[in-house]
Each structure stands twice: as C-alpha cells, then as structure tokens.
2 protein chains.
Amino acid sequence: MNIYNRALKTVTPYVAGKPIEELARESGLSAKQIIKLASNENPLGPSPMAVRAIEKQLAGINRYPDSNYYELKKKVATKLNLGIESLVFGNGSDELIDCVIKGFSEPGNEVLSAKSTFLEYEIIAKVNNRKFKAIGLKRLRYDLDSIAKAITKKTRLVFIANPNNPTGTYVTKNEAEKFLKKIPSEVVVVFDEAYNEFVDTGSFPDTLKYVKNYNVIILRTFSKIYGLAGLRIGFAVTRPEFAEVLNTVRQPFNVNSLAAAAAQAAIDDYEFVKKTQELIWQEKEFLYKKFIEIGIKFIPSAANFILIEVAPSSEAFFAKMLKLGIIVRGMSAYGLKDYIRLTIGTHDENLAFLEGLKTIKEKK
Amino acid sequence: MNIYNRALKTVTPYVAGKPIEELARESGLSAKQIIKLASNENPLGPSPMAVRAIEKQLAGINRYPDSNYYELKKKVATKLNLGIESLVFGNGSDELIDCVIKGFSEPGNEVLSAKSTFLEYEIIAKVNNRKFKAIGLKRLRYDLDSIAKAITKKTRLVFIANPNNPTGTYVTKNEAEKFLKKIPSEVVVVFDEAYNEFVDTGSFPDTLKYVKNYNVIILRTFSKIYGLAGLRIGFAVTRPEFAEVLNTVRQPFNVNSLAAAAAQAAIDDYEFVKKTQELIWQEKEFLYKKFIEIGIKFIPSAANFILIEVAPSSEAFFAKMLKLGIIVRGMSAYGLKDYIRLTIGTHDENLAFLEGLKTIKEKK
C-alpha cells in the first residue's frame, strides 16, 4: 500500500532564483556586494505608496485578513473598469494556478501548455493528479496552432504565459483570437500576464475583452511592476461564474492583510509604475545595443528580462557569474541549456553584468 | 461535458468570522466601537518584536522570499530542539492541510475527522477530490475509538484538532497514544495544534515525541499566541521523509517574506507570549465564574475561546450581539446550533460581552 501520492514521483520540484542572503552565506560577500538579476524582480524596490500602506496596517496584523478583501477588490475593479465579481485574489498568481486547476479540471484530466514556459503549470498540474502535456515552442514562441491540435477530450485547461517566461516572446492579438475560436466549449484558456505592464507593443492582446465571450481566465500579479514579490499577491480576472468557482476552491485567508493593503495602495502609484517602465524600456535598448556590439545572441523581449545565448552551457555560465557576485538564472530546467535569463536591473547593475560578461569571455 | 470539477458541488464554502470593517460599513458604527470576539485572535495585538522585524524588512519586499526560509527554519528548529529537515512552513496552517492531503492521499482516498471540528478539513479534502468521513463527537470530545473503527482500506489521513476548534475540548496523552497504536501503517495522523500554547493541563500530549515512531504530522501556527493571523504563517513538524513530500507539494514562495521575518522574531518574544497566556487564563476563569453566576452553560476550554450554550438559536443570538457592536461566532455551520463560540478578549471586551448577555436576556 502506498502512503504517498504516487503522482509526486513524476514531479521535479521548482528551483527558485538564488536568494542574495544564500549567496552571501556561501561566498562571504556582503549582501550589498551581490547583484541579483535572476527572478525578474523590480530593481527599484517596492512601490513607496505600498510601503506606507503597510506601515499603517501593522498594528492590526493580529486580526485575520478580510476573506473577501472588499476594499482591495473595489479598488482594482474600478481601475480595470470591471465588476468586483470578476476578480479573485491569490497568494501570488502561483496559488491561482492551483485554484484554476482544481476548479476547472478533475484528476486524470489533461492540462496543456508549452515546453520552455513557466515551470509551475506542469508542477501544479501533476501535484493535483492531472496529466500535463507540453507542446514545443516554435522559434522560441508559443505554437498555438500545434497547441490547438493537441487538444483531446481529456483536455480541460490551456496555460499561455504571455509574454512568455523565460523567452520574453509573446502571443499577438491575432494569434490569440484565432486560437480562442478553435477551443472546445469545455476547455478554459488561461492567459498568465505577470509581465503585462512591461509590454511595449501594440500587437499585444487586450485579453480583458475576451472574458465575456470566451472561457478565459487572466492572471496578473503585484510581484513585478509594483515591486511586491515578497508579499505574495496576484489576481485572476474572469467571468463571475468562473470567479465563483475559484472562490469556492481558494482558502478563505489566502491573501495576507499586508499584501492586500499594499496592493490597494500600489495600484494608484502611477509615478512608480512609470518610473519602472521607463527604466526597463531604456535599459532594454541599452542592453540590446551592447549585446549586438559584443556579438552576444539574445531574444528580443516584451518583458523585464532577456534570454541570452551562452552556449555551450547555461549552468557553467551561471556558476562563473556567481563567482563575480552576480546571480542570473540558468535555463537547463526549462530545456534551454544554451541560454541564461537576465533580469533587467538598474543601469549600474546592468553595467556590472556587462563587465562580468567581458571577464568571462577573456578567461576563455 | 463538464467544465467545472464536479467535486465542488458538495463543498460548502467556509464562512469566516465577520471582519470589523465589514460591520462598520454595515452598521455605521466606527471600527473602535466594535468588539470582535469571533476568530480566536490575540486581543493584545501582534507580538511587538514581530512588528519591529517587519519594519526592518520592508525595503526588501520587491525580492521574492527565500523559498527555503533558511533563517526562520533554523530558528524554529533550535527552539523546538529538532532538525531543520523536520520543518515545513505554510501560508497559515490552512495551506499545510492542503499540502498534507495532496502529499499523503490520492483522489478517491478517504480523509477522516470529527463532526463539529475545524471546517477546513472537509472543505479541502473535497476540493481535492478526496472523500471525507466525519465521526460524531462524544460529549463534545473527539471519539478516537469510533474514529479508529471507521478506518477502511481507503483511509489515508486522520485529522485531529487538539484542542478542538470550536469545542475547546482536547484529546489526552493516554487517548492519543492508545489511538496511534491502532493505526494501520499507510495512514497518517495529523494533530492540528493551533491552540497548543493556550493549553494549561498536564494531560495534554507532547506530540513532538510521536514524530519518530508514528506516521504523525503536527500543525502549529503563528496566528494565535503570536498575534500574526493577518500575516498567514504556520508550520508542520514531521519526520524528514514526510517533510520532503510536503516540500514537493507546497509552492516555492508560499510564505511571504514579512511573515517569515515576523515569525522568526516572534518566537523569541517570551514576554508577549507570557502576557497573552496570563490574560487568557485569568479571563477564562473570570468568564467561567460569571457564566456560573448568570446560569449560562459552557464547555470548559483548553484554548482561547469558549463554547457557550445560547439555545434555541445560535444565529439569532449572533445577530443580537451584532446589533450591540459585538461580533461572536454562530455555530450552525459546525452542527452546533445551540451554541456560539466566544473568543476570550481583554477584560474590557469580556465585560462588554457580559453586559451584552444581560441586555439580550432582559429583552426576552
């Protein structure tokens, strides 16, 4: 007889970007000497308005959070011009992936996505005793035609990271709309838009418009543009009946009260959002230019990170950078062993990375 | 074809204790005029040491939490005299219930617990497509003999809330040990000890001692005695192989970084723990005395709440108290419609409740 859930045998646990404190412990470097460009975090820190909101809330953390996060929901609904009944919040959008899988599929059903995409779709599907099928990228982009063809009677969910993590590529409006028209009525399409606010192209789909007429769930997060990754808060936008399902599945106190207060304030922090966008867009152009100068291959990105070719070995490059106190992300776990993923940092951080590149090249 | 997980049809969503802000909105009372004795929160606020630790951490919330919460784990392990490999942290112990069910059972397996216990065992089991079987309490106490007899080949998990929420009763050391000896080798017993630090009786089991020789998982929380309910952090203690399973199941960033910092500080806040215990124990005696004087039936409690008989209707009593600005918890959802659950508050809060009792009685 089995004591463990046998589905876990096929699960490879997620390996996170190396924390600064961990490298400090291991290397003897001080935290201030270390540059982390590994987890697509906001290099400008958290939204200052969010920090002030947390400070105000601190004395009340002995109380459970409002399990309906009423004030937060109202605020985000107004901002997105939606009804509050279309919103569901989660402990990061990670938790909402779990809720979506529990709510819109059953054990043995199939979850579809791409190879070389956010690893949690596969992990969470398998932990929930669902089958997971991954369709290869085509020129490092989601291949929606092949995904549509791969749908079977067992398929209930399709996850599309848009822009895709870790490639930075995206599905266009035309591609998304063509795809949605092909989807059977019992399948739900999830657009995971964690990097939505960094997109600077007109051909990106406005998925909020699909919620009414298609089985669509959109995931967004406060981790990236608002600089609140440590607090864990994301949300889903979908039609009210679907939101009700997610609310039945999620735990009542899934979002901590400081995260709720911070998100409610951050969403009004236009100045911080603008400052972050400008930094990322400017530094992205700067890095592209430098990469072209140096002769480094990279994939143009719609997000705040860039996939960079460092063949023959992603992990060797990662290790060399680590010795210089720079944490990037090796891509072997994503099936992209020739690449690393670089989070766009402040100008100084990016310069340090470029300097590191030079050092590594010279040592060859 | 079904688009939703059909298991959800049998799930009654959890209804949380009414938040102060919600009553304020509905009643026109100010938040300061409202007394909440509904959710077993610490009436003294959060641990002051925890609050200071959060303040120090605030500037870094743009970074993801350490997915191994190394520093926190080391601290708690030392405090409990355990190896760090025996500990797993969660987004409240609620999330760990979900992890335990996913890790130690499969869809279609059976989860066993009591009637009139923490509602999340049933909800989370069902959301995960597991079967749930509830054994009636015996004189408002867990009936471990009947639970042992109810174990079938499909049973994988037994949840024991100890002390039990909402009755405040507990399973003794002798009962627990007799029970563990009867459990088949493929069944895991979970002792949910959220109220452990409020127990003032010598016959309570020291379950940490069972971890080595039995299939036992212990759940603890920072929500109650440490006053951190809003932050969401709990932990599991179990043998290393079991902890590894839970770490595979849980999400990498399940615990937010402020909660981790707060918990790490709170566990050293002996003064706050002592102050809280003294308040609760003193006020419990005070309330018992008053209830006897007034002629109100109550169940002696090993926790920071008291189950009180208010027949014929829990919900009517709840509504009357609400009009007085006092939030208690009706017990219909727990199958105890003659009772309310009163969280022990500060002396002033308890006096206000007693005053409310008088007002309601006089109006009859």
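Before going into details, it helps to say that this report is about the structure given with it. Given the structure is predicted, the values throughout are model-derived calculations rather than measurements. (Residues numbered from 1 in each chain as written. Chains lettered and ligands numbered in written order. Predicted model: local features only at pLDDT ≥ 70, side-chain atom pairs only at ≥ 80, totals over all residues. Heavy atoms only, no water.)

1. Quick word on helix α2 (residues 48-57) of chain A
Those residues of α2 of chain A that fall on the buried side of the exposure criterion are A50, V51, A53 and I54 of chain A. Each buried residue of α2 of chain A sits inside an arc of 160° when the element is viewed along its axis, so together they form one side. Across α2 of chain A from its buried face, at more than 90 degrees, point the exposed residues R52 and K56 of chain A. If you follow the buried residues of α2 of chain A, they end up packed against α9 (257-266) of chain A together with α9 (257-266) of chain B. (Buried < 20%, exposed > 50% of the residue type's maximum accessible area, 1.4 Å probe, protein only. Helix = DSSP H or I, 4+ residues; strand = E, 2+ residues; numbered from the N terminus. Arc of directions from axis to C-beta. Contact = heavy atoms within 4.5 Å.)

2. Some remarks on the packing of aromatic side chains
Enumeration according to the criterion identifies 38 aromatic pairs over all chains in this entry. Between Y121 of chain A and F159 of chain A, the ring centres sit 4.7 Å apart and the planes meet at 20°, which makes this aromatic pair stacked. Separated by 38 residues along the polypeptide, Y121 of chain A in helix α5 (residues 120-127) and F159 of chain A in strand β5 (residues 155-161) bring together distant segments of the chain. Taking relative accessible area as the criterion, F159 of chain A reaches 0% and is therefore assigned buried. Summarising the aromatic geometry, the rings of F222 of chain B and F235 of chain B are spaced 5.8 Å apart at their centres and angled 45° between planes, so their arrangement reads as tilted. Placement of F222 of chain B in the loop between β7 (216-221) and β8 (234-237) and of F235 of chain B in strand β8 is noted, with a sequence separation of 13 residues between them. An identical accessibility class is assigned to F222 of chain B and F235 of chain B; each is buried. (Phe/Tyr/Trp six-rings, centres within 6.5 Å; stacked < 30°, edge-to-face > 60°.)

3. As for the pattern of salt bridges
Scanning the model with the defined rule gives 46 salt bridges over all chains in all. Between K18 of chain A and E22 of chain A there is a salt bridge whose closest N-O contact spans 3.0 Å. Grouping residues by exposure puts K18 of chain A and E22 of chain A together as buried. Close ionic contact of K178 of chain A with D145 of chain A constitutes a salt bridge, the shortest N to O distance being 3.5 Å. Note that K178 of chain A is positioned in helix α7 (residues 173-182) and D145 of chain A in helix α6 (residues 144-150), a separation of 33 residues in sequence. A cluster of three or more residues bridged by salt bridges with shared partners is formed by D98 and K102 of chain A together with D98 and K102 of chain B. (Salt bridge = Lys/Arg side-chain N within 4 Å of Asp/Glu carboxyl O.)

4. A short note on the sheet that holds strand β9 (residues 298-299) of chain B
Residues and elements named next belong to chain B. Sheet architecture is open: four strands sit in the order β9-β10-β13-β12, paired in antiparallel fashion. Looking at which strands have only one partner, the edges of the open sheet turn out to be β9 and β12 (329-330). Bridging between β12 and strand β13 (residues 339-343) involves two bridges; their strand directions are antiparallel. The residue of β13 that forms the bridge with G330 is I340. (Pairing = 2+ DSSP bridges.)

5. Re the interface of chain A and chain B
Taken residue by residue, the interface counts 79 residues in chain A and 79 residues in chain B. The junction of chain A with chain B conceals about 6600 Å² of combined surface from both sides, 57% of it contributed by carbon and sulfur atoms. Per-residue buried area on chain A facing chain B is highest for I3, R63 and Y64 of chain A; these three make up 11% of the total on that side. Counting every contact that joins chain A to chain B gives eight salt bridges. The shortest N-O distance in the salt bridge between E71 of chain A and R25 of chain B comes to 3.5 Å. One can count 40 residue pairs in polar contact (both at pLDDT 80 or more) joining chain A with chain B. Residue assignment for the side of chain A that touches chain B shows that the elements contributing at least two residues are α1 (20-27), α2, α3 (70-80), α4 (92-104), α5, α8 (240-249) and α9 of chain A. The biggest single contributor to the side of chain A that touches chain B is α4 of chain A, with six residues. Each residue belonging to the side of chain A that touches chain B can be placed in one class, and the counts come to 33 nonpolar, 23 polar and 23 charged. (Buried area = accessible area lost by both parts, 1.4 Å probe. Polar contact = N/O pair within 3.5 Å; in protein donor to acceptor, adjacent residues only side chain to side chain. Nonpolar A, V, L, I, M, F, W, Y, C, P; charged D, E, K, R; others polar.)

6. Overview of the packing of helix α10 (residues 270-294) of chain B against helix α12 (residues 347-363) of chain B
For any two helices packed against each other, the geometry comes down to the angle between their axes and how far apart the axes lie. Residues and elements named next belong to chain B. Two elements in contact, α10 and α12, have axes whose closest approach is 10 Å; the angle formed by their N-to-C orientations is 15°. By the angle class used here, α10 and α12 are roughly parallel. The chirality of how α10 crosses α12 is right-handed. Contacts between α10 and α12 involve L279, E283, F286, L287, K290, F291 and I294 from the first element and H347, N350, L351, F353, L354, L357 and K361 from the second. (Axes fitted to C-alpha atoms, helices over the stretch in contact; angles between N-to-C directions. Parallel < 35°, antiparallel > 145°, perpendicular 65-115°, else oblique. Left-handed = near helix turned anticlockwise from the far one by under 90°.)

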